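Given next are the chains, with one letter for each unit.
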2 protein chains.
Amino acid sequence: MKWTKTHLYTLKEAPSDAEIPSHKLLVRSGFMKKLAPGLYTYGAMALRAIRKFENIIREELDKDGAIEILMPVVHPKELWMETNRWNEMGAGLLKFKNRNNHEFCLGATHEEAVVDYVRHDLKSYRDLPKNIYQIQTKYRDEIRPRFGLMRGREFSMKDAYSFDLDQEGALKTYDSMYKAYQRIFDRLGLQYRIVQADAGNIGGSQTHEFQLLADAGEDALLVSDKTQFAANIEVCPAIDVEVYQPASQAELPIEKFATPHQKTIADLEKFTGIRAFELVKTLYFSANEDVSAKDSSLKAFAVLLRGSDEVNPIKVKNLLGMTNPPQMLTDEEVRQVTGANPGSCGPVGLKIPIYADNGIQNFKNYIVGANEDGFHLKNVNHGRDYQVTQFADLRMAKEGDKCPESDGRLKSYRGIEVGHVFYLGQKYARKMNGVFLDKNGKSQFYEMGCYGIGVTRTVQASIEQSHDQDGIIWPMAIAPYHVHICHLDPKDAAVNGFVEAVAKELESKGVEVFIDDRDERPGVKFKDADLLGFPVRIVVGKKGLEGNQIEVVLRRTKEVSKLAQDQVVQKALDLLEQAK
Amino acid sequence: MKWTKTHLYTLKEAPSDAEIPSHKLLVRSGFMKKLAPGLYTYGAMALRAIRKFENIIREELDKDGAIEILMPVVHPKELWMETNRWNEMGAGLLKFKNRNNHEFCLGATHEEAVVDYVRHDLKSYRDLPKNIYQIQTKYRDEIRPRFGLMRGREFSMKDAYSFDLDQEGALKTYDSMYKAYQRIFDRLGLQYRIVQADAGNIGGSQTHEFQLLADAGEDALLVSDKTQFAANIEVCPAIDVEVYQPASQAELPIEKFATPHQKTIADLEKFTGIRAFELVKTLYFSANEDVSAKDSSLKAFAVLLRGSDEVNPIKVKNLLGMTNPPQMLTDEEVRQVTGANPGSCGPVGLKIPIYADNGIQNFKNYIVGANEDGFHLKNVNHGRDYQVTQFADLRMAKEGDKCPESDGRLKSYRGIEVGHVFYLGQKYARKMNGVFLDKNGKSQFYEMGCYGIGVTRTVQASIEQSHDQDGIIWPMAIAPYHVHICHLDPKDAAVNGFVEAVAKELESKGVEVFIDDRDERPGVKFKDADLLGFPVRIVVGKKGLEGNQIEVVLRRTKEVSKLAQDQVVQKALDLLEQAK
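All values reported here derive from a predicted model rather than from experimental measurement. (Residues numbered from 1 in each chain as written. Chains lettered and ligands numbered in written order. Predicted model: local features only at pLDDT ≥ 70, side-chain atom pairs only at ≥ 80, totals over all residues. Heavy atoms only, no water.)

Details of the overall build of chain A
Inference 1: From N to C terminus, chain A includes 15 helices and 30 strands.
Inference 2: Counting only C-alpha atoms, chain A reaches 95 × 70 × 50 Å along its principal axes.
Inference 3: Across chain A, every contact between residues at least 6 apart in sequence was considered, and the portion connecting residues at least 24 apart equals 70%.
Inference 4: About 24200 Å² of surface is accessible on chain A, with carbon and sulfur atoms providing 48% of the total.
Inference 5: Of the side-chain charges in chain A, 77 are positive and 82 negative, and the distance between the mean point of each set is 2 Å. (Helix = DSSP H or I, 4+ residues; strand = E, 2+ residues; numbered from the N terminus. Contact = heavy atoms within 4.5 Å. Areas by Shrake-Rupley, 256 points an atom, 1.4 Å probe, with all protein chains shown as cover. Lys, Arg positive; Asp, Glu negative; His and termini not counted. Charge placed at Lys NZ, Arg CZ, Asp CG, Glu CD.)

Here's the deal with helix α1 (residues 21-28) of chain B
All names here are of chain B.
Inference 1: Considered for burial, the residues of α1 that qualify are S22, H23, L25, L26 and V27.
Inference 2: At its buried positions, α1 is contacted by β1 (32-36), β2 (39-42), α11 (455-465), β24 (467-468), β25 (471-472) and α13 (522-532).
Inference 3: A positive phi of about 75° marks G30, the residue just after α1. (Buried < 20%, exposed > 50% of the residue type's maximum accessible area, 1.4 Å probe, protein only.)

Description of the domain arrangement of chain A
Where interface size is given, it is often the accessible area lost as the parts come together that is meant.
All names here are of chain A.
Inference 1: Here chain A is described as being made up of domain 1 (18-237 + 411-464), domain 2 (255-392) and domain 3 (481-579).
Inference 2: Each of domain 1 and domain 3 has a C-alpha centre, and the two are 39 Å apart.
Inference 3: Taken together, the contact pairs seven residues of domain 1 with seven residues of domain 3.
Inference 4: Across the domain 1 to domain 3 interface the summed buried area is about 640 Å²; carbon plus sulfur atoms make up 64%. (Domains from an automatic or database assignment. Buried area = accessible area lost by both parts, 1.4 Å probe.)

Here we look at helix α8 (residues 313-320) of chain B
Residues and elements named next belong to chain B.
Inference 1: Those residues of α8 that fall on the buried side of the exposure criterion are I314, K315, V316 and K317.
Inference 2: Against the buried residues of α8 lie β15 (300-306).
Inference 3: Its side-chain oxygen placed 2.9 Å from the backbone nitrogen of I314, N312 serves as the N-cap of α8.
Inference 4: Once α8 finishes, G321 follows within two positions and takes phi at roughly 65°, a positive value. (Polar contact = N/O pair within 3.5 Å; in protein donor to acceptor, adjacent residues only side chain to side chain.)

Side note on the sheet that holds strand β16 (residues 354-357) of chain A
All names here are of chain A.
Inference 1: Spatial ordering of the open sheet is given by β14-β15-β16-β19, a layout of four strands whose pairing is mixed. Bordering the open sheet on either side are β14 (280-286) and β19 (390-392), each of which pairs with just one other strand. When the angles between neighbouring strand axes are averaged without regard to direction, this sheet yields 25°.
Inference 2: Bridging between β16 and β19 involves three bridges; their strand directions are parallel. Residue pairing in the sheet places A356 in a bridge with F391 of β19. (Pairing = 2+ DSSP bridges. Axes fitted to C-alpha atoms, helices over the stretch in contact; angles between N-to-C directions.)

What to know about the packing of aromatic side chains
Note on aromatic pairs: each is described by the distance of the centres and the angle between the planes.
Inference 1: Overall, the coordinates contain 38 aromatic pairs over all chains when judged by the stated rule.
Inference 2: Between the aromatic rings of B:F185 and B:Y192, the centroid separation amounts to 5.9 Å while the plane-to-plane angle is 50°, which identifies the pairing as tilted. The same class applies to B:F185 and to B:Y192, which are both buried.
Inference 3: Ring geometry for B:F185 against B:F210: centres 5.8 Å apart, planes inclined by 25°, an arrangement best described as stacked. With B:F185 in helix α6 (residues 167-188) and B:F210 in strand β10 (residues 206-213), the pair connects residues that are 25 residues apart, well separated along the chain. Grouping residues by exposure puts B:F185 and B:F210 together as buried.
Inference 4: Aromatic rings pair up to connect A:F53, A:Y178, A:Y181, A:F185, A:Y192 and A:F210 into one cluster. (Phe/Tyr/Trp six-rings, centres within 6.5 Å; stacked < 30°, edge-to-face > 60°.)

So, unusual backbone geometry
Inference 1: For the bond running from A:L128 to A:P129, omega is -5°, close enough to zero to count as cis.
Inference 2: By secondary structure assignment, the location of A:P129 is in the loop between α5 (111-118) and β7 (130-139).
Inference 3: A positive phi is found at A:N433, a non-glycine position, where the angle reads about 55°.
Inference 4: Among the secondary structure elements, A:N433 is positioned in the loop between α10 (427-431) and β21 (435-437).
Inference 5: For A:N433, a relative accessible area of 52% puts it in the exposed group.
Inference 6: The backbone phi angle of B:N548 is positive, close to 50°, even though this residue is not glycine.
Inference 7: Mapped onto the secondary structure, B:N548 falls in the loop between α14 (542-546) and β29 (550-554).
Inference 8: Taking the relative accessible area as the measure of exposure, B:N548 reaches 36% and is therefore partly exposed.

Overview of the relation of the copies chain B and chain A
Inference 1: For the pair chain B and chain A, the superposition axis carries a translation of 0.1 Å, the fit reaches an RMSD of 0.1 Å, and the rotation angle comes to 180°. A rotation of that kind, with that shift, is consistent with a two-fold axis. Taking the C-alpha atom as reference, chain B places B:F96 closest to the rotation axis, 2.9 Å from it.
Inference 2: When the interface residues of chain B are mapped onto chain A, 100% of them again lie at the interface, so the same face is used by both copies. (Least-squares fit on C-alpha atoms with pLDDT ≥ 70 in both.)

Describing the sheet that holds strand β29 (residues 550-554) of chain A
Residues and elements named next belong to chain A.
Inference 1: The five strands are arranged β27-β26-β28-β29-β30 in an open sheet whose pairing can be described as mixed. Looking along the sheet, the strands with just one partner apiece sit at the ends: β27 (513-516) and β30 (560-563). Put simply, the sheet's adjacent strands are angled 20° from each other on average, direction ignored.
Inference 2: Across five bridges, the pairing between strand β26 (residues 483-487) and strand β28 (residues 536-540) is parallel. Within β28, the residue paired with H487 across the bridge is V540.
Inference 3: The sheet strands contacting helix α13 (residues 522-532) are β26, β27 and β28, and the helix crosses β26 at an angle near 170°.
Inference 4: With respect to the sheet, helix α15 (residues 568-579) is in contact with β26, β28, β29 and β30, its orientation differing from that of β29 by roughly 5°.

A few points about the pairing of strand β14 (residues 280-286) of chain B
Residues and elements named next belong to chain B.
Inference 1: Burial analysis of β14 places seven of its seven residues in the buried class, the great majority of the element.
Inference 2: Here β14 shows no split at all, with V280, T282, Y284 and S286 on one side and K281, L283 and F285 on the other all buried.
Inference 3: Pairing of β14 with β15, which is carried by seven bridges, proceeds in the antiparallel orientation. Within β15, the residue paired with S286 across the bridge is A300.

Digging into the interface of chain B and chain A
Inference 1: Contact with chain B, which involves 57 residues of that partner, is made by 57 residues of chain A.
Inference 2: For the pair chain B and chain A, the summed buried area comes to about 4900 Å², and 58% of that belongs to carbon and sulfur atoms.
Inference 3: Applying the counting criterion to the chain B and chain A interface returns four salt bridges.
Inference 4: The closest approach of N and O atoms between A:E68 and B:R51, which form a salt bridge, is 3.7 Å.
Inference 5: If you tally residues by element for the side of chain B that touches chain A, the top one is strand β7 (residues 130-139) of chain B, at five residues. (Salt bridge = Lys/Arg side-chain N within 4 Å of Asp/Glu carboxyl O.)

Some words on the packing of helix α2 (residues 44-63) of chain B against α6(B)
When two helices pack together, their arrangement is captured by the angle between the axes and the distance separating the axes.
All names here are of chain B.
Inference 1: Relative to each other, α2 and α6 sit at 145°, their axes nearing to 9 Å. The handedness of the crossing between α2 and α6 comes out as right-handed. Residues F53, I56, I57, E59, E60, L61 and K63 of α2 form the contact with α6, whose participating residues are M177, A180, R183, I184, F185, R187 and L188.
Inference 2: Along the lines of polarity and charge, the residues of the contact of α2 with α6 split into nine nonpolar, no polar and five charged. (Left-handed = near helix turned anticlockwise from the far one by under 90°. Nonpolar A, V, L, I, M, F, W, Y, C, P; charged D, E, K, R; others polar.)

Focus on the side chain of A:T282
All names here are of chain A.
Inference 1: Relative to the assigned elements, T282 resides in strand β14.
Inference 2: For T282, a relative accessible area of 13% translates into the label buried.
Inference 3: Not counting the four nearest positions on each side in its chain, T282 is found in contact with A302, V303, L304, C345, G346 and P347.

A few points about the pattern of salt bridges
Inference 1: Applying the stated criterion to the full structure yields 106 salt bridges over all chains.
Inference 2: Between A:R183 and A:E60 there is a salt bridge, and its shortest N-O distance comes to 2.6 Å. Of this pair, A:R183 sits in helix α6 (residues 167-188) while A:E60 is found in helix α2 (residues 44-63), placing the two residues 123 residues apart along the sequence.
Inference 3: Ionic pairing is found between B:D159 and B:K138, a salt bridge with its closest N-O pair at 2.8 Å. Here B:D159 is found in strand β8 (residues 154-164), whereas its partner B:K138 is found in strand β7, with 21 residues between them in sequence.
Inference 4: On the accessibility criterion, B:D159 (2% relative accessible area) is buried.
Inference 5: Counted as one network, the salt bridges with shared partners bring together A:R51, A:E54, A:R58, A:E68, B:R51, B:E54, B:R58 and B:E68.

In structure tokens:
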């Protein structure tokens, strides 16, 4: 492909809404262009990368007998009402009415659609197992789309759905999809981690995320320094290395004391001289989930943690069996529940459920807000002064915490979630009457799993992990082209002849060649070659050709070899091998 | 591929909403399944056919240097306001608000999106020409989806957009796309016609439709029996073979006469003894286009035709320079305009514009409604009794009319529009500021063309043209598989071995083989093989294998050869060659 024959325009400046390197680079390289917030047009180059990744996915899934179909983007409301996800999915599910006043949504996921597709077919145990997938456009009504394709509104996803006879079969399929995902991400040649994760409102009890490591990743991961343990911070068990020992086991008399203007844990730490690790903070949440529910009276609960810890809303959600993480109360609601402003509130005297993090279980004689503005209580003891509804692991784990599987420590990484495998059990089958007759002629619900890969997201995440200050460094497996020829003298017949011959020879060996034949200065061509980031670059002009000083450059290292004409192709092939 | 390894369930009965053979066959074969009206899931087989057709399109367009990109499905309102098509497209454009209350639509076509994509890039004459395409899901909010993928809501389309320096370049690109489309549809090996057509509200002055011929086609085509002339009836010039000669050139005095209960032309023909060809009928239309316009007072006009002719609303639209074909007045509106009920109305005394078909230009002393219920006028003459605003060709052409290019006659066909090429001129460039600097540094609008192929529609149209009472007869080029092996004894080791060997040998030659290895009776397998319709069938069981009576069948003709083991592969290859 010649540059002048395609549609590709690089930009000197990144757009102001691009916050992370991969987003900046995808726009600056001309690979994608914004139509509206969260909506991007993929240019010819980006499309090549996307298609290559799609084909990697297809090859690996087809090896395991998965079946590719294509389901609609637009779904009728009736379908989503069967599982009640029409209501549960929240505002991210884009809903609309058509001209006949029927309600539809844009599919954000396809569990309902795929069960509808198979439920009249899967009649007998002989019809199972099945593993069905599609690569389709998905839509999520993000309030604030950002990071380009990472948190866009419209994006491409591979979603697979498995149907098994029983749990044993379902977990076997889960395991084989897990391995297929490993093969897929291994082929990208990038750094990734497989972590334990939360199932969100998809449902299901076993789930792993595939996370490409990158500093700008939205997910915090914790990885053991001793074992294979790795988890999304959302679900990572928090295990203390330091166990707090109270100064005295005797419970002292409770006392109120004035704490004017001491509103934060940091204030209190300074004011009392007690470190945050030994202070207790109280947070207030709403247990109301369905905002459209008729009974909208506030159902509050409190969560107690050490002052040095952060609450983990996912753990709270899972403890309470909620569908979505709970919302914190507003200041007004806090006053309604406690009688005081946030900063002076505590658990004593409250009539709401109180959940406490394990970290404070053996606290004695501690300080909490007095539920009276400007006052705290000291020598407070749970059991005596207030009742804890339940102790549980409710805090965010953090770097340095103990590994749950060994005496190792947890190390912190940032990741971009590019794949997710879920074991769903019978959730959808039960709600949508997904049944088959077993060997004994008995009706049974089938067991499902679902498995997603963010196709466009992975392409951008690859760049987020693999770039330098000058541009993209494409992984070989999804590079739009393999070799970039900077053709410095497009009007010179000899150079033209050489470039054509090199391109032809490389292409005959399956190498995809891109030729910058624009009428531009060498400096512009070099900068753009770095920006576009194809694995190997060949630089050739009249001078270099005549002086046997043709440059062959590996994009990743920028290592330059200056070669004679007959050495160029072999060197390029060697570097491509090295770039794999 | 083995049947038991895929997800494919045939049906004995077609669904009640399937009216035409291709729709029935696609559902009965299990190739697609309805999620909701106009929304279909494509099974693995249909997807193979769709992908094959997509690749044919890509290969032929890429030959001409067209550039594939991918634009979003969801578009912001602001974009469509630039051309005012947000209002002009009518209710077929599905519009919605997102959670932030911004308005969007689902792309029914991508002129606006593609101009936005290129307009900041195409700065100089050096950047032109460009021809950009995508294969993308489109959405059209059909009131009554029907005919499966033919008039569905969600469908897949290839849409290309060309940008040229000037009209000469644009028409050259038009011509090369026309030829690419010929190559694409030639490769399907089906009967099609290229016809003159109306540009609809896409705009543009030159346009051709590619129509696959099929009895159930929604479009009426007229084709010359002498020349290459072919046109969609919407735009086909109507040229009389019989020219009406009035009995007398003298204009007789006008007379009102009673015509009780004579409301239709057929009534009047019977009542007066004058044939419909010599009667004049008056139709009333609204010139109001934009229903949202503030000035919604009725602007009516009348159209006069011979009683034996049908009005062509597209010709009326084009004569009046309207965006969409005009709506006929309601009975109430007719009374408001004429003072009489439909059936007794005519042109005399009206204060609205009157357009008349060329067919009545030399009429004299004719009968029209008197604008008084139960009365007509006779000896009416235009010029004397009322004024014709303009004579024009406003009737539907029909079989037997004169060929516009020769002394031949027109013959009627039904077609399914599968492709459409448009020359757009500067319409979109002017509205969206699509400019470049020419060689003299002067700012110019570029010239555009647009070119669509209904991908999913073509797949179904192919079946509509190519099937018999027993099932589909796939064209080789898009057949999901080439050879269908009815494996009658899946538990017999010898037959298994033979089937595997035949499949392997055929696959090594690039033939795609589907094996029916289900535990079903032979009769079921034969019926299903006919229904699925892959080009060549091999039938083999224990008996056939031992008796050298292995059947090789061409689906199209059902011609059966009974062969020895070592002849089967060659015969299959020969028949595949024949099926091309």
